[in-house]
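As a plain string of letters, each chain reads:
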Amino acid sequence: MICAERIQTFVLQRITFILLGIAGIPVWNVLQKADAADTEAASAVTPLNTLSPLLDDLYILLLISLFAILLGIVCAFYLQEWLPQTNWTRRFIESVVAVFDGIPSICYGILATGIFFSYAGTLKTLGGVHVPQRTEDGSTLVPSVFEHDTVVFYIVVLTFILMVMPVTIKTTQTALGSVATPIREAAYALGASHWQVLRRQVIPLVFTRILAGGCRAMSGALATVALIIGIYTWQYTTDPGNMPNRFVLFFGSALFLSIFSSILIKLYASASANPTHPTR
Amino acid sequence: MPMNYSIEAENLNLWYGDFQALIDVNVKIPHGQITSLIGPSGCGKSTLLRCFNRVNERYGNVTTEGKIEVLGKNIYDTDVSLPELRKAVGMVFQRPNPLPISVYENVLFGLRIHSPMRSITRAEADEIVEEALTSVFLWTDLKDKLKTRATSLQLEQQQKLCIARLLPLKPKIILMDEPCSALDAKGTRAVEELMEVLAGTYTFIIVTHNMAQARRVSKECIFMFLGELIEHRETQVLFTDPKHEKTSDYVHMRYG
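A. Just the overall build of chain B, in detail. Along its length, chain B carries ten helices and ten strands. Compactness check: chain B gives a C-alpha radius of gyration of 18 Å against a globular reference of 18 Å for 256 residues, within 12% of the reference. For chain B, the spread of C-alpha atoms along the principal axes amounts to about 55 × 45 × 35 Å. Looking at chain B as a whole, 44% of its 256 residues are labelled buried. For chain B, restricting intrachain contacts to residue pairs at least 6 apart in sequence, the fraction spanning at least 24 positions comes to 69%.

B. Examining the pairing of strand 7 (residues 173-177) of chain B more closely. Residue and element names in this part refer to chain B. Counted residue by residue, strand 7 has five buried out of five residues, so it is predominantly covered. Residues of strand 7 alternate between two faces, with I173, L175 and D177 on one and I174 and M176 on the opposite face, all of them buried. Relative to strand 7, strand 6 (residues 89-92) runs parallel, the two being bridged by four bridges. Within strand 7, the residue paired with G90 across the bridge is I174. Pairing analysis gives five bridges linking strand 7 to strand 8 (residues 203-207), with the strands arranged parallel. Residue I173 lies in a different strand from strand 8, and its bridge partner there is T203. Taken together, strand 7, helix 7 (residues 185-198) and strand 8 constitute a β-α-β crossover, and its handedness is right-handed.

C. Inspection of the sheet that holds strand 6 of chain B at higher detail. All names here are of chain B. Sheet architecture is open: six strands sit in the order 6-7-8-3-9-10, paired in mixed fashion. Lying at the two open borders of the sheet, with one neighbouring strand each, are strand 6 and strand 10 (228-234). Neighbour-to-neighbour, the strand axes of this sheet turn through a mean angle of 20 degrees, independent of strand direction. As paired elements, strand 3 (residues 34-38) and strand 9 (residues 220-225) share four bridges and run parallel to each other. Within the sheet, the bridge partner assigned to T35 lies in strand 9 and is E220.

D. The arrangement of unusual backbone geometry in detail. Residue and element names in this part refer to chain B. With a phi close to 45 degrees, D24 is a non-glycine residue in the positive phi region. Along the chain, D24 turns up in strand 2 (residues 19-30). For D24, a count of 14 C-beta atoms within 10 Å gives the class partly exposed. The phi angle at K170 is positive, at roughly 50 degrees, despite the residue not being glycine. Taking the number of C-beta atoms within 10 Å as the measure of exposure, K170 has 13 and is therefore partly exposed.

E. Region of interest: the interface of chain A and chain B. Residue-level contacts link 21 residues of chain A with 25 residues of chain B. At seven residues, helix 8 (residues 181-189) of chain A tops the list of elements feeding residues into the side of chain A that touches chain B. Of the residues belonging to the side of chain A that touches chain B, the class tally is 14 nonpolar, five polar and two charged.

F. Just the environment of T188(B), in detail. All names here are of chain B. Following the sequence through the fold, T188 ends up in helix 7. On the neighbour-count criterion, T188 (20 C-beta atoms within 10 Å) is buried. Separated by 25 residues in sequence, T188 and Q213 have C-alpha atoms that sit 9.0 Å apart. Residue contacts for T188: discarding those within four places in its chain leaves C180 and L183.

G. Here's a closer look at the packing of helix 6 (residues 155-164) of chain B against helix 7 of chain B. All names here are of chain B. Close contact between helix 6 and helix 7 brings their axes to 9 Å; oriented N to C, the two are set at 20 degrees. Classified by the angle between their axes, helix 6 and helix 7 sit roughly parallel to one another. Judged by the sense of rotation from one axis to the other, the crossing of helix 6 with helix 7 is right-handed. Along the contact surface, helix 6 presents L155, E156, Q159, K160 and I163, while helix 7 presents K186, G187, A190, V191 and L194. In the contact of helix 6 with helix 7, the residues fall into five nonpolar, two polar and three charged.

H. Region of the structure containing the packing of helix 3 (residues 103-114) of chain B against helix 4 (residues 122-135) of chain B. Residues and elements named next belong to chain B. Two elements in contact, helix 3 and helix 4, have axes separated by 10 Å at closest approach and are oriented at 105 degrees. Compared by their axis directions, helix 3 and helix 4 come out roughly perpendicular. Contacts between helix 3 and helix 4 involve Y104, V107, L108 and L111 from the former and A125, I128, V129, A132 and L133 from the latter. Residues that form the contact of helix 3 with helix 4 fall into these classes: nine nonpolar, no polar and no charged.

I. Main features of the sheet that holds strand 4 (residues 62-70) of chain B. Residues and elements named next belong to chain B. Pairing is antiparallel in the open sheet, where four strands are placed in the order 2-1-4-5. Because the sheet does not close on itself, it has two edges, and the strands there are strand 2 and strand 5 (73-74). By the bridge criterion, eight bridges tie strand 1 (residues 5-16) to strand 2 in an arrangement that is antiparallel. Directly across from Y16, in strand 2, lies its bridge partner F19.

J. Main features of helix 6 of chain B. All names here are of chain B. A large share of helix 6 lies buried, amounting to nine of its ten residues. Taken together, the buried positions of helix 6 are E156, Q157, Q158, Q159, K160, L161, C162, I163 and A164. On its buried face, helix 6 is in contact with strand 6, helix 3, helix 4, helix 5 (139-142) and helix 7.

Calculation rules
- Residues numbered from 1 in each chain as written.
- Chains lettered and ligands numbered in written order.
- Predicted model: local features only at pLDDT ≥ 70, side-chain atom pairs only at ≥ 80, totals over all residues.
- Helix = DSSP H or I, 4+ residues; strand = E, 2+ residues; numbered from the N terminus.
- Rg over C-alpha atoms; globule rule 2.2 N^0.38 Å.
- Buried ≥ 20, exposed ≤ 12 C-beta atoms within 10 Å, placed from the backbone.
- Contact = placed C-beta atoms within 7 Å.
- Pairing = 2+ DSSP bridges.
- Right-handed = clockwise from strand over helix to strand, strands pointing away.
- Axes fitted to C-alpha atoms, helices over the stretch in contact; angles between N-to-C directions.
- Nonpolar A, V, L, I, M, F, W, Y, C, P; charged D, E, K, R; others polar.
- Parallel < 35°, antiparallel > 145°, perpendicular 65-115°, else oblique.
- Left-handed = near helix turned anticlockwise from the far one by under 90°.

Now the structure itself:
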């Protein structure tokens, strides 16, 4: 039985790698073609040093969303494990999360582009960010467009946090709630403290689900951000030439993460053979 | 001779919110034998049992008054450490609830949470697992399956494993909340035999709905009714010559 589980896990892992590879190919192709077509920049820019600033953006976003996801997970643990169900803070946060979780991501896109961009001028006068003007000269050669004090950057970050946090909180809470009471009771009756129960029993059981939830949240956010970038941000950046690359990269990552999260869920469902129900 | 008793409860009252589940319970449970708790559903048997290692406090909304001395120490004193109490007073639940990890790790789980990280060597661990599984008569069946997930065992084996996992902690008292209600006749018999073998070493308190079982395994028997302790006598006497009318009605199955 253990053997069958292992084989399943193994096969699923291979499938993950293959899909990862497949998802990577179009992104890579587009990036290379885009550079080849850019005749002006062809001499100065090789695929590698165009890719790196692009990935830089992605990394920064991933870091931010990782932070948002961690915050969401901590928040969910606190709500689910430490606050009693009758606590009004918990009920308030849960209802807010439920509302945000239910909004389709297209609305976030509209919110981000509509509301945030209309305040771009205000943000500029406040002095916090600068809104770059579109230039016609050779500044397009510089690939780092997504400057970290532009309006676009802040909007993308805010959208990200707003989209990632509620989904993470919701999935984490559901996952924690799904751990059967007898498992916890058994551990408590053996003298385990609350933290030991969480660390040794609950977290190993729900880890995959939380990870899958995080990936799903991130994939949704990345797709929305890709659309914002692809449609609306031309006029706010110094280098519109690189926008298609960025769009493809973000969209590709979103696709990949979404596939990855469904594989994680599949992995959890099949390989762990219903671990939250102790007696089957 | 206070140490002749494993557990002494005095004027124990317990409320779940407004509902009083235990009313002035006074009980002395003798050391090293099996005591059974019987009574109709909702009479507070399980609640009383859960008081003895304070697991019922987790549900919140629970108020307790009175005194319970376990091994001569009041467990409601402020200096009592819950992990230590639960180490000394083990508990087996109604449905077998092995943790969803391997059989081997299940047996060691209790020990691992009570000892510092990596303080148990591989050889020691092997020995402890073998000893615990041998004393619940599982070793011959499971010695080749130590790495299987415990939840994939048969129910009877799971329940025995739940008992085995208490033993490395060397508890003094083992509480059992209807340990056989999820098992078939063969499994019930196996668990009962196991209890009889272990009874000299450990004090057993068993909640049961099965009066035949209470009669078979226990030396003393406690009858509870609507949160009150009605009668506490030797099992044979309680079943043949009950003093109280309610007890007599119950043991003769005039109501259930």
